[in-house]
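Understanding the architecture of this molecule
Okay, here's what each chain looks like letter by letter:
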Amino acid sequence: MFKVCFGDEIIMRWLLYSGPDCNRCKMLKQWMRDNGVDFRQMMIDEDFIVGDLIRETARRGNASMSLPVLISGNVCYTERQLCLDSTQLDYKFLEENIR
């Protein structure tokens, strides 16, 4: 987990697993930038192998092989929570859960 502490305030930093040809990943990354959400991106083809992604998501009780995946601490959101379908993000879910 990525945490930055400023006095009593704890700011969570998200880890975004994405792929180069993943349009939902690109949309989520843009939404996070537009909404000032602090995150670090891990490109599956460059920084991480799929087995590690599955292990990290399974450890948090939400195993996934599909992208995008967002992790912060014990919180893990997969495309099932983040997306309405193959072309749309669930903006209501993002507004309520990602900050």
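Just so it is clear, the structure is predicted and the values come from calculations on it, not from any experiment. Per chain, the residues get numbers from 1 upward, laid out in the order the sequence is written. Only residues with pLDDT of 70 or above have their local features reported here, since the model is predicted, and side-chain atom pairs are shown and tallied only from 80 upward, although totals for entire chains, interfaces and linings are computed over all residues. The basis for every side-chain value is the complete set of heavy atoms in the structure, and neither hydrogens nor water enter the calculation.

Considering the packing of aromatic side chains
Using the following cut-off: Two aromatic rings, drawn from Phe, Tyr or Trp (for Trp, its six-membered ring), form a pair once their centres lie within 6.5 Å of each other, and the interplanar angle then sorts them: stacked below 30 degrees, edge-to-face above 60, tilted otherwise. Secondary structure elements follow DSSP: runs of H or I no shorter than four residues count as helices, runs of E no shorter than two count as strands, and numbering proceeds from the N terminus. With a 1.4 Å probe rolled over the protein chains alone, any residue whose accessible area is under 20% of its type maximum counts as buried; one over 50% counts as exposed, and the rest are partly exposed.
Following the criterion strictly, the structure yields 2 aromatic pairs and no others. Pairing tyrosine 77 with phenylalanine 93 gives two aromatic rings, centres 4.9 Å apart and planes at 90°, and the pair type is edge-to-face. Note that tyrosine 77 is positioned in strand 5 (residues 75–77) and phenylalanine 93 in helix 4 (residues 91–97), a separation of 16 residues in sequence. With respect to class, tyrosine 77 is no different from phenylalanine 93; both count as buried. Through pairs of rings, three or more aromatic residues link up here, namely Trp14, Tyr77 and Phe93.

Some words on the environment of aspartate 85
Just so we agree on the cut-off: Distance and chemistry together define a polar contact, namely a pair of N or O atoms within 3.5 Å, with one atom able to donate a hydrogen and the other to accept it when in protein, and with adjacent residues in sequence counting only for side-chain atoms on both sides.
With respect to the element layout, aspartate 85 can be found in the loop between helix 3 (79–82) and helix 4. Here aspartate 85 falls in the partly exposed class, since its relative accessible area comes to 34%. Reaching out from aspartate 85, the side chain makes a polar contact with the backbone nitrogen of threonine 87 at a distance of 2.8 Å. At 2.9 Å, the side chain of aspartate 85 and the backbone nitrogen of glutamine 88 are in polar contact.

Here we look at the state of the cysteines
The criterion, for reference: Cysteine sulfur atoms that come within 2.5 Å of each other are treated as a disulfide pair.
Applying the stated criterion to the full structure yields 1 disulfide. Between the sulfur of cysteine 22 and that of cysteine 25 lies a disulfide, 2.3 Å long from S to S. Handedness here is read from the sign of the S-S torsion; for cysteine 22 and cysteine 25, about 75°, the answer is right-handed. Just as cysteine 22 is buried, cysteine 25 falls in that class too.

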